[in-house]
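Survey of secondary and tertiary structure
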Amino acid sequence: MSLPKPQVSAPPAAQAPDSARPLNFAEFSHAVSQSFVPLRVTAPAHRGFRGAIAAVERDGVHASIVEAGKHAVERTPELIARGDAPYFKLSVQLSGTGMLVQDGREALLSPGDIAIYSTERPYVLEFNREFSTLVLMFDHDALGIAPDTLSQMTAVCMRHDSALTRVITPFLTGLAANLDVLNGPAGTRLARAAVDLTTTLYAAELGSTASASPKAALTSSIMRYIDENLASTTLDPQSIAAANHVSVRYLHALFSEQGTTVSTWVRQRRLENCRRDLTAPEFADLPVAAIAARWGFIDAAHFSRAFKASFGCPPSELRRQVLDAA
(Lines give C-alpha, C1' and ligand atoms only; values in the text may rest on other atoms or scores of the structure.)
Protein backbone atom coordinates (compact mmCIF):
# COMPACT_ATOMS: atom_id res chain seq x y z
CA MET A 1 0.00 0.00 0.00
CA SER A 2 1.44 3.36 -1.01
CA LEU A 3 1.47 6.29 1.34
CA PRO A 4 -0.63 9.34 0.47
CA LYS A 5 1.24 12.10 -1.31
CA PRO A 6 2.00 15.02 1.04
CA GLN A 7 -0.08 18.10 0.44
CA VAL A 8 1.89 21.22 -0.47
CA SER A 9 0.65 24.16 1.53
CA ALA A 10 1.29 27.81 0.81
CA PRO A 11 4.26 29.38 2.60
CA PRO A 12 3.43 31.51 5.63
CA ALA A 13 3.12 35.21 4.99
CA ALA A 14 6.27 37.14 5.72
CA GLN A 15 6.21 39.38 8.76
CA ALA A 16 8.88 41.99 8.15
CA PRO A 17 10.69 43.48 11.14
CA ASP A 18 9.29 46.75 12.39
CA SER A 19 12.20 48.66 10.84
CA ALA A 20 10.77 48.09 7.36
CA ARG A 21 8.67 50.98 6.06
CA PRO A 22 7.07 51.74 2.71
CA LEU A 23 9.53 53.35 0.29
CA ASN A 24 8.90 55.31 -2.89
CA PHE A 25 10.75 54.31 -6.07
CA ALA A 26 13.82 56.48 -5.48
CA GLU A 27 14.15 55.33 -1.89
CA PHE A 28 13.61 51.70 -2.85
CA SER A 29 16.19 51.84 -5.66
CA HIS A 30 18.77 53.22 -3.25
CA ALA A 31 17.88 50.70 -0.54
CA VAL A 32 18.23 47.76 -2.94
CA SER A 33 21.82 48.66 -3.81
CA GLN A 34 22.66 49.43 -0.19
CA SER A 35 21.19 46.15 1.08
CA PHE A 36 22.78 43.89 -1.51
CA VAL A 37 25.26 44.94 -4.21
CA PRO A 38 24.92 47.81 -6.72
CA LEU A 39 21.92 47.08 -8.94
CA ARG A 40 19.96 48.97 -11.57
CA VAL A 41 16.25 49.18 -10.73
CA THR A 42 13.59 50.03 -13.30
CA ALA A 43 9.81 50.22 -13.06
CA PRO A 44 7.11 51.03 -15.64
CA ALA A 45 5.59 53.66 -13.36
CA HIS A 46 7.38 55.45 -10.55
CA ARG A 47 4.28 57.26 -9.32
CA GLY A 48 2.46 55.15 -6.79
CA PHE A 49 5.32 52.66 -6.52
CA ARG A 50 5.78 51.23 -3.02
CA GLY A 51 8.37 48.79 -1.77
CA ALA A 52 9.96 47.70 1.49
CA ILE A 53 13.13 45.93 2.53
CA ALA A 54 13.80 44.45 5.96
CA ALA A 55 17.24 43.01 6.59
CA VAL A 56 19.13 41.17 9.31
CA GLU A 57 22.75 40.00 9.18
CA ARG A 58 24.05 37.15 11.33
CA ASP A 59 27.13 34.95 11.13
CA GLY A 60 27.99 36.01 7.59
CA VAL A 61 24.45 35.48 6.30
CA HIS A 62 22.55 38.55 5.11
CA ALA A 63 18.80 37.80 5.21
CA SER A 64 16.29 40.20 3.64
CA ILE A 65 12.61 40.28 2.93
CA VAL A 66 11.76 42.32 -0.16
CA GLU A 67 8.16 43.37 -0.83
CA ALA A 68 7.34 45.58 -3.79
CA GLY A 69 5.24 46.19 -6.87
CA LYS A 70 6.09 45.60 -10.52
CA HIS A 71 9.74 46.29 -11.32
CA ALA A 72 13.02 44.76 -12.49
CA VAL A 73 16.53 44.70 -11.03
CA GLU A 74 19.64 44.17 -13.15
CA ARG A 75 23.23 43.41 -12.26
CA THR A 76 25.09 44.87 -15.23
CA PRO A 77 28.71 44.34 -16.36
CA GLU A 78 29.39 48.00 -15.53
CA LEU A 79 28.21 47.55 -11.95
CA ILE A 80 30.17 44.31 -11.60
CA ALA A 81 33.31 46.12 -12.78
CA ARG A 82 33.25 48.24 -9.62
CA GLY A 83 34.95 45.32 -7.92
CA ASP A 84 32.49 44.35 -5.17
CA ALA A 85 33.17 41.08 -3.35
CA PRO A 86 31.35 38.17 -5.04
CA TYR A 87 28.34 36.67 -3.28
CA PHE A 88 25.77 34.00 -3.94
CA LYS A 89 22.14 35.00 -3.39
CA LEU A 90 19.37 32.53 -2.68
CA SER A 91 15.81 33.64 -3.38
CA VAL A 92 12.78 31.96 -1.85
CA GLN A 93 9.59 33.22 -3.48
CA LEU A 94 7.02 33.96 -0.77
CA SER A 95 4.18 35.46 -2.81
CA GLY A 96 3.63 36.53 -6.40
CA THR A 97 6.00 35.37 -9.12
CA GLY A 98 9.44 36.34 -10.34
CA MET A 99 11.64 35.62 -13.34
CA LEU A 100 15.37 35.13 -12.78
CA VAL A 101 17.75 35.18 -15.77
CA GLN A 102 21.46 34.33 -15.51
CA ASP A 103 24.05 32.32 -17.44
CA GLY A 104 21.66 31.76 -20.35
CA ARG A 105 19.01 30.18 -18.12
CA GLU A 106 15.59 31.38 -16.97
CA ALA A 107 13.78 30.40 -13.78
CA LEU A 108 10.13 31.30 -13.26
CA LEU A 109 9.62 31.32 -9.50
CA SER A 110 6.26 30.66 -7.85
CA PRO A 111 5.56 30.70 -4.09
CA GLY A 112 7.81 28.19 -2.32
CA ASP A 113 10.28 27.89 -5.21
CA ILE A 114 14.00 28.45 -4.65
CA ALA A 115 16.77 29.65 -6.98
CA ILE A 116 20.39 30.69 -6.56
CA TYR A 117 22.43 33.27 -8.48
CA SER A 118 25.82 34.94 -8.31
CA THR A 119 26.59 38.65 -8.05
CA GLU A 120 29.83 38.00 -9.95
CA ARG A 121 28.01 37.75 -13.29
CA PRO A 122 25.15 39.68 -14.91
CA TYR A 123 21.61 38.75 -13.96
CA VAL A 124 18.09 40.12 -14.23
CA LEU A 125 15.14 39.69 -11.87
CA GLU A 126 11.71 40.70 -13.14
CA PHE A 127 8.52 40.95 -11.12
CA ASN A 128 5.30 41.61 -13.06
CA ARG A 129 3.04 42.19 -10.07
CA GLU A 130 3.21 42.65 -6.31
CA PHE A 131 5.38 40.05 -4.63
CA SER A 132 7.45 39.21 -1.58
CA THR A 133 10.65 37.19 -1.45
CA LEU A 134 13.26 36.09 1.06
CA VAL A 135 16.84 36.68 -0.09
CA LEU A 136 19.82 35.09 1.63
CA MET A 137 23.22 36.47 0.60
CA PHE A 138 26.50 34.82 1.60
CA ASP A 139 30.14 34.55 0.57
CA HIS A 140 31.03 32.40 -2.42
CA ASP A 141 32.77 29.81 -0.26
CA ALA A 142 30.15 29.63 2.50
CA LEU A 143 28.53 26.48 1.10
CA GLY A 144 31.73 24.52 0.69
CA ILE A 145 30.79 23.90 -2.94
CA ALA A 146 33.15 25.17 -5.63
CA PRO A 147 31.73 28.39 -7.12
CA ASP A 148 32.23 27.15 -10.69
CA THR A 149 30.47 23.90 -9.80
CA LEU A 150 27.57 25.69 -8.14
CA SER A 151 27.34 28.00 -11.15
CA GLN A 152 25.84 25.06 -13.05
CA MET A 153 22.75 25.63 -10.90
CA THR A 154 22.30 29.40 -11.21
CA ALA A 155 18.82 30.39 -12.43
CA VAL A 156 17.57 26.82 -12.03
CA CYS A 157 14.19 26.63 -10.32
CA MET A 158 14.13 24.26 -7.36
CA ARG A 159 10.41 23.66 -7.26
CA HIS A 160 8.50 23.77 -3.99
CA ASP A 161 7.00 20.31 -4.58
CA SER A 162 10.27 18.41 -5.10
CA ALA A 163 11.29 15.99 -2.33
CA LEU A 164 14.08 18.01 -0.69
CA THR A 165 12.49 21.39 -1.27
CA ARG A 166 9.36 20.21 0.56
CA VAL A 167 11.58 19.80 3.61
CA ILE A 168 13.75 22.90 3.23
CA THR A 169 11.28 25.54 2.05
CA PRO A 170 9.12 25.43 5.22
CA PHE A 171 12.20 26.24 7.34
CA LEU A 172 13.21 29.15 5.11
CA THR A 173 9.70 30.56 4.83
CA GLY A 174 9.29 30.17 8.59
CA LEU A 175 12.49 32.16 8.99
CA ALA A 176 11.06 34.83 6.70
CA ALA A 177 7.90 34.99 8.80
CA ASN A 178 10.01 35.58 11.92
CA LEU A 179 13.08 37.36 10.61
CA ASP A 180 13.81 39.08 13.90
CA VAL A 181 14.71 35.76 15.53
CA LEU A 182 18.09 36.13 13.82
CA ASN A 183 18.75 38.98 16.25
CA GLY A 184 18.07 36.72 19.22
CA PRO A 185 20.25 34.19 21.07
CA ALA A 186 19.41 31.45 18.57
CA GLY A 187 20.24 33.66 15.58
CA THR A 188 23.68 32.22 14.89
CA ARG A 189 22.41 28.64 14.87
CA LEU A 190 19.50 29.56 12.63
CA ALA A 191 21.79 31.35 10.16
CA ARG A 192 24.04 28.30 10.03
CA ALA A 193 21.04 26.02 9.61
CA ALA A 194 19.91 28.07 6.61
CA VAL A 195 23.36 27.72 5.01
CA ASP A 196 23.55 24.00 5.84
CA LEU A 197 20.14 23.34 4.31
CA THR A 198 21.11 25.29 1.19
CA THR A 199 24.28 23.20 0.93
CA THR A 200 22.26 20.01 1.29
CA LEU A 201 19.81 21.06 -1.41
CA TYR A 202 22.40 21.99 -4.00
CA ALA A 203 24.89 19.23 -3.20
CA ALA A 204 22.10 16.70 -3.73
CA GLU A 205 21.01 18.33 -6.98
CA LEU A 206 24.57 18.50 -8.28
CA GLY A 207 25.03 14.85 -7.38
CA SER A 208 21.93 13.90 -9.36
CA THR A 209 23.32 15.65 -12.45
CA ALA A 210 26.88 14.37 -12.04
CA SER A 211 26.82 12.37 -15.27
CA ALA A 212 26.58 15.64 -17.21
CA SER A 213 29.86 16.88 -15.73
CA PRO A 214 32.17 14.18 -14.29
CA LYS A 215 34.88 16.76 -13.53
CA ALA A 216 32.46 18.92 -11.52
CA ALA A 217 31.27 15.83 -9.64
CA LEU A 218 34.87 14.89 -8.83
CA THR A 219 35.65 18.41 -7.61
CA SER A 220 32.59 18.40 -5.36
CA SER A 221 33.52 14.96 -4.04
CA ILE A 222 37.04 16.13 -3.21
CA MET A 223 35.68 19.21 -1.45
CA ARG A 224 33.37 17.04 0.63
CA TYR A 225 36.37 14.88 1.54
CA ILE A 226 38.27 17.99 2.63
CA ASP A 227 35.36 19.16 4.79
CA GLU A 228 35.16 15.76 6.45
CA ASN A 229 38.89 15.77 7.29
CA LEU A 230 39.62 19.39 8.21
CA ALA A 231 40.65 18.43 11.74
CA SER A 232 43.49 16.26 10.45
CA THR A 233 46.91 17.91 10.67
CA THR A 234 48.08 15.68 7.79
CA LEU A 235 45.53 17.08 5.33
CA ASP A 236 47.67 18.28 2.42
CA PRO A 237 47.58 18.02 -1.39
CA GLN A 238 49.41 14.68 -1.36
CA SER A 239 47.02 13.00 1.10
CA ILE A 240 43.96 14.53 -0.58
CA ALA A 241 45.06 13.35 -4.03
CA ALA A 242 45.83 9.84 -2.76
CA ALA A 243 42.50 9.49 -0.96
CA ASN A 244 40.61 10.56 -4.08
CA HIS A 245 42.65 8.50 -6.54
CA VAL A 246 44.00 11.39 -8.61
CA SER A 247 47.49 12.75 -9.16
CA VAL A 248 48.66 15.80 -7.23
CA ARG A 249 49.07 17.61 -10.54
CA TYR A 250 45.48 16.89 -11.57
CA LEU A 251 44.25 17.93 -8.11
CA HIS A 252 45.97 21.30 -8.48
CA ALA A 253 44.47 21.67 -11.96
CA LEU A 254 40.93 21.07 -10.63
CA PHE A 255 41.30 23.78 -8.01
CA SER A 256 43.00 26.15 -10.44
CA GLU A 257 39.85 25.95 -12.59
CA GLN A 258 37.93 27.18 -9.53
CA GLY A 259 40.23 30.19 -9.22
CA THR A 260 41.93 28.97 -6.06
CA THR A 261 44.53 26.50 -4.77
CA VAL A 262 44.13 23.36 -2.70
CA SER A 263 45.93 24.89 0.29
CA THR A 264 43.91 28.10 0.10
CA TRP A 265 40.64 26.17 0.01
CA VAL A 266 41.63 24.01 2.99
CA ARG A 267 42.72 27.05 5.00
CA GLN A 268 39.54 28.99 4.24
CA ARG A 269 37.29 26.08 5.15
CA ARG A 270 39.17 25.67 8.43
CA LEU A 271 38.83 29.37 9.15
CA GLU A 272 35.09 29.25 8.43
CA ASN A 273 34.68 26.40 10.92
CA CYS A 274 36.74 28.26 13.51
CA ARG A 275 34.60 31.35 13.03
CA ARG A 276 31.48 29.25 13.48
CA ASP A 277 32.71 27.72 16.74
CA LEU A 278 34.08 31.00 18.11
CA THR A 279 30.64 32.59 17.82
CA ALA A 280 28.74 29.60 19.22
CA PRO A 281 27.56 30.03 22.84
CA GLU A 282 28.19 26.35 23.59
CA PHE A 283 31.92 26.86 22.95
CA ALA A 284 32.21 30.14 24.86
CA ASP A 285 34.40 28.57 27.57
CA LEU A 286 36.73 26.87 25.10
CA PRO A 287 40.01 28.79 24.59
CA VAL A 288 40.61 30.30 21.15
CA ALA A 289 43.72 28.15 20.71
CA ALA A 290 41.71 25.00 21.45
CA ILE A 291 39.15 25.89 18.82
CA ALA A 292 41.91 26.55 16.32
CA ALA A 293 43.50 23.18 17.11
CA ARG A 294 40.13 21.45 16.61
CA TRP A 295 40.32 22.50 12.97
CA GLY A 296 43.95 21.79 12.23
CA PHE A 297 45.64 25.06 13.27
CA ILE A 298 48.51 24.05 15.54
CA ASP A 299 50.34 27.38 15.53
CA ALA A 300 48.15 29.85 17.45
CA ALA A 301 50.01 32.92 16.17
CA HIS A 302 49.68 31.79 12.55
CA PHE A 303 45.98 31.11 13.12
CA SER A 304 45.40 34.57 14.57
CA ARG A 305 47.11 36.26 11.62
CA ALA A 306 45.20 34.19 9.06
CA PHE A 307 41.89 34.80 10.84
CA LYS A 308 42.41 38.57 10.98
CA ALA A 309 43.42 38.66 7.32
CA SER A 310 40.26 36.79 6.35
CA PHE A 311 37.66 38.36 8.65
CA GLY A 312 39.15 41.76 9.50
CA CYS A 313 39.64 41.33 13.25
CA PRO A 314 41.39 38.96 15.66
CA PRO A 315 39.46 35.82 16.66
CA SER A 316 39.08 36.89 20.29
CA GLU A 317 37.63 40.23 19.21
CA LEU A 318 35.07 38.65 16.88
CA ARG A 319 34.06 36.23 19.64
CA ARG A 320 33.54 39.11 22.07
CA GLN A 321 31.49 41.17 19.58
CA VAL A 322 29.15 38.33 18.66
CA LEU A 323 28.67 36.77 22.08
CA ASP A 324 28.19 40.15 23.79
CA ALA A 325 25.53 41.05 21.19
CA ALA A 326 23.73 37.76 21.87
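Conventions adopted
Residues numbered from 1 in each chain as written. Predicted model: local features only at pLDDT ≥ 70, side-chain atom pairs only at ≥ 80, totals over all residues. Heavy atoms only, no water. Helix = DSSP H or I, 4+ residues; strand = E, 2+ residues; numbered from the N terminus. Rg over C-alpha atoms; globule rule 2.2 N^0.38 Å. Buried < 20%, exposed > 50% of the residue type's maximum accessible area, 1.4 Å probe, protein only. Contact = heavy atoms within 4.5 Å. Areas by Shrake-Rupley, 256 points an atom, 1.4 Å probe, with all protein chains shown as cover. Lys, Arg positive; Asp, Glu negative; His and termini not counted. Charge placed at Lys NZ, Arg CZ, Asp CG, Glu CD. Axes fitted to C-alpha atoms, helices over the stretch in contact; angles between N-to-C directions. Parallel < 35°, antiparallel > 145°, perpendicular 65-115°, else oblique. Nonpolar A, V, L, I, M, F, W, Y, C, P; charged D, E, K, R; others polar. Pairing = 2+ DSSP bridges. Polar contact = N/O pair within 3.5 Å; in protein donor to acceptor, adjacent residues only side chain to side chain. Core = buried A, V, L, I, M, F, W, Y, C linked by side-chain atoms within 4.5 Å. Salt bridge = Lys/Arg side-chain N within 4 Å of Asp/Glu carboxyl O.

Before going further, it helps to examine the overall build of the chain. Counting secondary structure elements, the chain contains twelve helices and ten strands. For the chain, whose C-alpha radius of gyration is 21 Å, the value lies close to the compact-globule estimate of 20 Å for 326 residues. Its C-alpha atoms put the chain at 60 × 55 × 50 Å along the principal axes. In the chain, buried positions account for 48% of the 326 residues. When contacts within the chain are restricted to residue pairs at least 6 apart in sequence, those whose partners lie at least 24 apart make up 73%. Summed over all atoms, the accessible surface of the chain reaches about 15400 Å², with 53% contributed by carbon and sulfur. Side chains of the chain give 30 positive and 32 negative charges; the mean places of these two sets differ by 1 Å.

Looking now at the side chain of N244. Residue position: N244 is located in the loop between α7 (237-243) and α8 (248-257). Residue classification places N244 among the buried positions, given a relative accessible area of 13%. In this structure N244 touches S221, I222 and Y225, once residues within four positions along its chain are discounted.

Let us look at the packing of helix α6 (residues 214-228) against α8. Between α6 and α8, the shortest axis-to-axis distance is 11 Å and the interhelical angle comes to 100 degrees. One finds that α6 runs roughly perpendicular with respect to α8. Every residue of α8 that contacts α6 at K215, L218, T219, I222, M223 and I226 is listed here: Y250, L251, L254, F255 and E257.

Running from amino to carboxyl end, helix α9 (residues 262-278) crosses helix α11 (residues 300-311) at an angle of 90 degrees, the nearest separation of the two axes being 11 Å. The pairing of α9 with α11 is recorded here as roughly perpendicular in orientation. Seen from α9, the contacting residues are R267, Q268, L271, E272, C274, R275 and L278; seen from α11, they are F303, A306, F307, S310 and F311. Counted by class, the contact of α9 with α11 contains seven nonpolar, two polar and three charged residues.

Here we come to the sheet that holds strand β4 (residues 71-75). The strand order across the open sheet built from five strands is β1-β4-β9-β6-β7, with neighbouring strands paired in antiparallel fashion. At either end of the open sheet lies a strand with only one pairing partner, and these are β1 (40-42) and β7 (105-109). Averaged over all pairs of adjacent strands, the angle between strand axes in this sheet comes to 15 degrees, irrespective of strand direction. Here strand β6 (residues 98-102) runs beside strand β9 (residues 123-127); their pairing, made up of four bridges, is antiparallel. When the sheet's bridge partners are listed, M99 is paired in β9 with E126. Contacts from helix α1 (residues 25-35) reach β1 and β4, with the element oriented near 150 degrees to β1.

Turning to the side chain of H140, a few remarks are in order. For H140, the location among the structural elements is in the loop between β10 (131-139) and α3 (147-150). Side-chain polar atoms of H140 contact the side chain of S118, separated by 3.1 Å. Once residues within four sequence positions are removed from consideration, H140 is found in contact with P86, Y87, F88, S118, E120, I145 and P147.

Here we take up the pairing of β6. Going residue by residue along β6, you find G98, L100 and Q102 tucked away on one face and M99 and V101 left uncovered on the opposite face. A loop of two residues connects β6 with β7, the two strands running antiparallel in sequence, and D103 in this loop sits at a positive phi of about 55 degrees.

L90, I114, L134, L136, L172 and Y202 are the most contacted members of the largest nonpolar core, which totals 30 residues. Of all elements in the fold, only β3 (61-68), β5 (87-95), β8 (114-118), β10, α4 (163-177) and α5 (187-208) reach the threshold of two or more residues within this core. Counting 28 residues, the second largest nonpolar core, distinct from the first, contains M223, I240, I291 and F303.

Next up on the list: the pattern of salt bridges. Tallied over the full model, the rule gives 13 salt bridges. R75 is the salt-bridge partner of D84, the closest N and O atoms lying 3.6 Å from each other. With a relative accessible area of 32%, D84 lands in the partly exposed category. Overall, the relative accessible area of 1% leaves R75 in the buried class. E272 serves as the salt-bridge partner of R275, at 3.0 Å between the closest nitrogen and oxygen. Remark: E272 and R275 occur in helix α9; sequence separation between them is three residues, near one turn of the helix. One exposure class covers both R275 and E272, and it is buried. Connected through salt bridges with shared partners, the residues D59, R192, E272 and R275 form a single ionic network.

Bear in mind that shape data such as this cannot, by itself, settle questions of function.
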